[in-house]
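The residues making up each chain are set out below.
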Amino acid sequence: MQRELFEPKIIGFFCNWCSYRAADGAGTARMKYPPNVRVVRLMCSGRADPAFVLKAFARGADGVMIAGCHPGECHYIEQNYKTMRRYAMLKQLLPAFGISPRRLRLVWASAAEAAQLAQIIEEMVEDVRTLGPLNWKANLAEESGHLDALERIYVEHRQQVEVAS
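Residues numbered from 1 in each chain as written. Predicted model: local features only at pLDDT ≥ 70, side-chain atom pairs only at ≥ 80, totals over all residues. Heavy atoms only, no water.

Asks: Please clarify how the overall build of the chain should be interpreted in this entry.
Replies: The number of helices and strands found in the chain is 6 helices and 4 strands. Across the 165 residues that make up the chain, the buried fraction comes to 42%. Counting every atom, the chain has about 9400 Å² of accessible surface; 51% of that belongs to carbon and sulfur. (Helix = DSSP H or I, 4+ residues; strand = E, 2+ residues; numbered from the N terminus. Buried < 20%, exposed > 50% of the residue type's maximum accessible area, 1.4 Å probe, protein only. Areas by Shrake-Rupley, 256 points an atom, 1.4 Å probe, with all protein chains shown as cover.)

The following block contains the structure:
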């Protein structure tokens, strides 16, 4: 009997100017990579609020990828540096919710790096596949008040990050 292969659901928050165009370029060039990433186009990776990441996990995503312009090349001056700070905060926060930090990835990809982005997507899909399904939504539903605790912890961490900035 052959075991069915787990296909992870990954949400990608991609910068309009670089990463989204790299993904579009990969598709246009017919590069092969897994179709597991559902892309949400943002004007800048700096607009990827940590709440978006937590909601993606809460709504059934097995992984989240944030992709933007290379540091120093942001169309919105320094917003990808804000993305780096938020990413670091999320990597520390996720284990508190029983989520492996390997399920979150930050990628820098210019519009000319379609092949590299396709390779990174393939690597992330394989990595998340080895982790198995997250089923975080079901785990959250089991414990009443868990979502309230999530909101409280997120707000506290966000305030700490803003004070440190």
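Asks: Is there a simple way to think about the sheet that holds strand S3 (residues 63-68) in this case?
Replies: Strand pairing in a sheet takes place through backbone hydrogen bonds and is either antiparallel or parallel in direction. Here we have 4 strands laid out as an open sheet, ordered S2-S1-S3-S4, and parallel in their pairing. The strands lining the two open edges of the sheet, one partner per strand, are strand S2 (37-42) and strand S4 (104-108). Ignoring strand direction, the axes of neighbouring strands in this sheet form an average angle of 20 degrees. Those strands touched by helix H2 (residues 50-58) are strand S1 (10-15), S3 and S4, and its axis lies near 150 degrees from that of S3. On the sheet, helix H3 (residues 79-93) packs against S3 and S4 and is oriented at approximately 160 degrees with respect to S4. (Pairing = 2+ DSSP bridges. Axes fitted to C-alpha atoms, helices over the stretch in contact; angles between N-to-C directions. Contact = heavy atoms within 4.5 Å.)

Asks: Help me understand the pairing of S4, please; the structure alone is not making it clear to me.
Replies: When a strand is regular, its side chains alternate between the sheet's two faces. In terms of residue burial, S4 counts as a mostly covered element, since 4 of its 5 residues are buried. Relative to S4, S3 runs parallel, the two being bridged by 5 bridges. Each residue of the ladder has a partner; that of Met65, found in S4, is Arg105. With H3 bridging S3 and its parallel neighbour S4, the resulting β-α-β unit is right-handed. (Right-handed = clockwise from strand over helix to strand, strands pointing away.)

Asks: What exactly am I supposed to notice about H3 here?
Replies: Residues spaced three or four apart along an α-helix point in a common direction, a consequence of the helix completing one turn every 3.6 residues. For H3, built from 15 residues, the straight-helix expectation of 21 Å at 1.5 Å per residue is met to within 8% by its first-to-last C-alpha distance of 21 Å. Taken residue by residue, H3 has Asn80, Thr83, Arg86, Tyr87, Met89, Leu90 and Leu93 as its buried positions. Along the long axis of H3, the arc covered by the buried residues comes to 165 degrees, so they all point the same way. (Expected span 1.5 Å × (residues − 1). Arc of directions from axis to C-beta.)

Asks: Explain the packing of aromatic side chains to me, please; I cannot follow it from the model alone.
Replies: What characterises a pair of aromatic rings is the spacing of the ring centres plus the angle enclosed by the ring planes. Tallied over the entire structure, the rule returns 1 aromatic pair. With centroids separated by 5.9 Å and ring planes inclined at 35 degrees, the aromatic side chains of Phe13 and Phe52 adopt a geometry described as tilted. Placement of the pair is Phe13 in strand S1 and Phe52 in helix H2, with a sequence separation of 39 residues. You can call Phe52 partly exposed: its relative accessible area is 35%. (Phe/Tyr/Trp six-rings, centres within 6.5 Å; stacked < 30°, edge-to-face > 60°.)

Asks: How do you make sense of the packing of H2 against H3 when you look at a structure like this?
Replies: When two helices pack together, their arrangement is given by the angle between the helix axes and by the axis-to-axis distance. Running from N to C, H2 and H3 point in directions that differ by 40 degrees, and their axes come no closer than 10 Å. As the angle between them shows, H2 and H3 are arranged oblique. Every pair of crossing elements has a handedness; the one defined by H2 and H3 is right-handed. Taking contact as the criterion, the partners of Pro50, Val53 and Leu54 in H2 are, on H3, Arg86, Met89, Leu90 and Leu93. (Parallel < 35°, antiparallel > 145°, perpendicular 65-115°, else oblique. Left-handed = near helix turned anticlockwise from the far one by under 90°.)

Asks: How do you make sense of unusual backbone geometry when you look at a structure like this?
Replies: With glycine set apart, most residues show a phi of negative sign, and most peptide bonds adopt trans. Positive phi is not limited to glycine here, since Arg30 has a value of about 60 degrees. Structurally, Arg30 is set in the loop between helix H1 (19-28) and S2. Judged by its relative accessible area of 74%, Arg30 falls in the exposed class. The backbone phi angle of Ile77 is positive, close to 70 degrees, even though this residue is not glycine. A residue is classified by how much of its surface remains accessible, and Ile77, at 66% relative accessible area, is exposed.

Asks: Sorry, what's going on with H1 here?
Replies: If you check which residues of H1 are buried, you get Ser19, Ala22, Ala23 and Ala26. Along the axis of H1, the buried positions cluster into a sector of 100 degrees, meaning they face one direction only. Elements in contact with the buried residues of H1: S1, S3 and helix H4 (114-131).

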